[in-house]
Amino acid sequence: MKALAFLASRFVAGEGPQEAVRVGERLKARGINATFDELGEDVHDKDAAARTMRSACALLRMIPKGVERNISIKMSSMGQEISRELCVENVSQILDAAREVDGFVRFDMEGSKLTESTIRIFQELRSRYDNVGIVLQAYLHRTPDDVKEAVRRKDRVRLCKGAYKEPPEVALQAMPEIRKAYLACAHELLANGNYPAIATHDEALVGDTIAHTKAAGIGPERFEFQMLYGLRSRRWDELVAQGYRMRVYVPFGTHWIPYFYRRLRERRENVLFVLRSLFR
Ligand SMILES: Cc1cc2nc3c(=O)[nH]c(=O)nc-3n(C[C@H](O)[C@H](O)[C@H](O)COP(=O)(O)OP(=O)(O)OC[C@H]3O[C@@H](n4cnc5c(N)ncnc54)[C@H](O)[C@@H]3O)c2cc1C
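Residue indices begin from 1 for each chain and proceed along its sequence in written order. Per-residue local features are limited, in this predicted model, to residues with pLDDT of at least 70; the limit for side-chain atom pairs, both in listing and counting, is 80 or more; totals at the level of whole chains, interfaces and linings are taken over all residues. Note: side-chain values were computed over all heavy atoms of the structure, leaving out hydrogens and water.

## Let's talk about the overall build of the protein
The condition that has to hold: The way it works is that DSSP assigns letters per residue, a run of H or I at least four long becomes a helix, a run of E at least two long becomes a strand, and they are numbered from the N terminus. Computation of the radius of gyration draws on C-alpha atoms, with the globule rule given as 2.2 Å multiplied by the number of residues to the power 0.38. When accessible area is computed with a 1.4 Å probe and restricted to protein chains, residues below 20% of their type maximum are described as buried, those above 50% as exposed, and intermediate ones as partly exposed.
Scanning the protein from N- to C-terminus turns up 11 helices and 8 strands. In summary, the protein has a C-alpha radius of gyration of 18 Å against a globular reference of 19 Å for 280 residues, a match within 12%. Projecting the C-alpha coordinates of the protein onto the three principal axes gives extents of approximately 50 × 50 × 40 Å. Taking all 280 residues of the protein together, 54% fall into the buried category.

## Describing the site of the ligand
Quick note on the threshold: Throughout, near means a residue has at least one heavy atom within 4 Å of the molecule or strand. Under the rule applied, a polar contact is a pair of N or O atoms within 3.5 Å (in protein, one hydrogen donor and one hydrogen acceptor; residues adjacent in sequence only if both atoms are side-chain atoms). Using the Shrake-Rupley algorithm and a 1.4 Å probe, accessible areas are obtained, with residue cover drawn only from the displayed protein chains. Classification used: nonpolar for Ala, Val, Leu, Ile, Met, Phe, Trp, Tyr, Cys and Pro, charged for Asp, Glu, Lys and Arg, polar for all others including Gly.
The local shell around the ligand holds 25 residues, among which Lys161, Gly162, Thr200, His201 and Glu266 are the closest. Between the ligand and Arg232, the relevant distance is 3.4 Å, taken from a nitrogen atom to a side-chain nitrogen or oxygen of the residue. Calculation on the ligand without its partners gives an accessible area of 950 Å², and the protein chains cover 82% of this total. The residue inventory of the shell around the ligand, partitioned by class, reads 10 nonpolar, 5 polar and 10 charged.

## Concerning the state of the cysteines
Test applied: We call a pair of cysteine sulfur atoms a disulfide whenever their separation is within 2.5 Å.
All chains considered together, the criterion is met by 0 disulfides. Cys87 takes part in no disulfide bond, and the closest cysteine sulfur, belonging to Cys57, lies 13 Å away.

## As for the side chain of Ser77
This is how it is decided: Residues count as neighbours in contact if any of their non-hydrogen atoms are within 4.5 Å of one another.
Within the element layout of this structure, Ser77 appears in the loop between strand E2 (70–73) and helix H4 (84–100). Among the polar contacts made by the side chain of Ser77, one reaches the main-chain carbonyl oxygen of Lys74 at a distance of 2.8 Å. Residue contacts for Ser77: discarding those within four places in its chain leaves Gly40, Glu41, Asp42, Val43, Ala49 and Thr52.

## Observations regarding the packing of aromatic side chains
Spelled out, the test is: In this scheme Phe, Tyr and Trp rings, the latter by its six-membered ring, pair at centre separations within 6.5 Å, and the angle between planes marks the pair as stacked below 30 degrees, edge-to-face above 60, and tilted otherwise. Working rule: Lys NZ or Arg CZ, within 6 Å of ring centre, within 35 degrees of ring normal, means a charge sits over the ring.
Tallied over the entire structure, the rule returns 8 aromatic pairs. Where Phe223 meets Phe225, the ring centres are 5.5 Å apart and the plane angle is 85 degrees; that geometry is what we call edge-to-face. We note that Phe223, like Phe225, is buried. On the basis of an interplanar angle of 35 degrees and a centroid distance of 5.9 Å, the ring pair of Phe260 and Tyr261 is categorised as tilted. Of the residues examined, Tyr261 reaches a relative accessible area of 44% and is grouped as partly exposed. One aromatic cluster is present, formed by Phe11, Trp256, Phe260 and Tyr261 through successive ring pairs. The lysine or arginine in question, Arg263, covers the ring of Tyr259, its NZ or CZ lying 4.6 Å from the ring centre.

What is shown is where atoms sit, not what they do.
Structure representation (structure tokens):
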């Protein structure tokens, strides 16, 4: 287990919030912002959901002023699968805490059985709070419609490809098709959306975003790039040096195993990294 934790430390900032905040401070010194995520999902009892909620509030309050108070949360860890009311209540408390410290809360998107419910909870809270944003996954067949709706409602969207294994009825399967869908959604959000986040390590998509926004006269202050802690850190600095806004997703906590496995499943290079480390 210790060996596994060591390997995961490439992708996870540490077990406690202090370690994550220290990473955030180091990123800030490089001109890079962070969004902090305490790992954990699928909570099935009220007390655990309340604990997760309290620790998100505490995290918002402990991020120092010089570092943006920006966190990412998962509805499944806030009681979404127990009851919608409980989840809304828990998340409202986090959004109140965020408001007090001028913070921002992003709802991560999970597997497709939670998509509709996550979007509904988001829309309900969005009518009361503006310090909140959602994630949309380009691989889902429904996402072009969700993007249109988000643009109409001026919602802040982080666009990613999607990290969960989904069936063909629900999501595109082939990478060229997912890339094409990503670009169509990204172009719509960049032209008409509210400060979208282009969340990808895929150079084809990063390069297209740069070329497309230059050609369309969309300034670098109208969007940001986002990447995950541990992936392409040299590219973060290059983008900042070129005048782009960059935010890194900084996960931390003791429940890092599902997150770590998702990163391994995604890319052969991540697995190779782990194997190389094992033999060193
Ligand atoms: C900030 C952030 C937040 C996210 N939040 C969510 C979420 O809420 N819900 C969700 O389902 N998913 C989320 N994801 C994960 C996302 O859906 C993808 O699973 C993940 O980002 C992998 O897709 P990719 O586009 O980054 O590139 P990949 O599909 O992994 O890679 C495609 C290509 O990108 C290039 N590339 C990738 N990495 C590198 C590298 N290290 N060096 C050089 N080239 C590289 C290569 O050309 C590669 O072939 C998030 C991702 C990010 C970055």
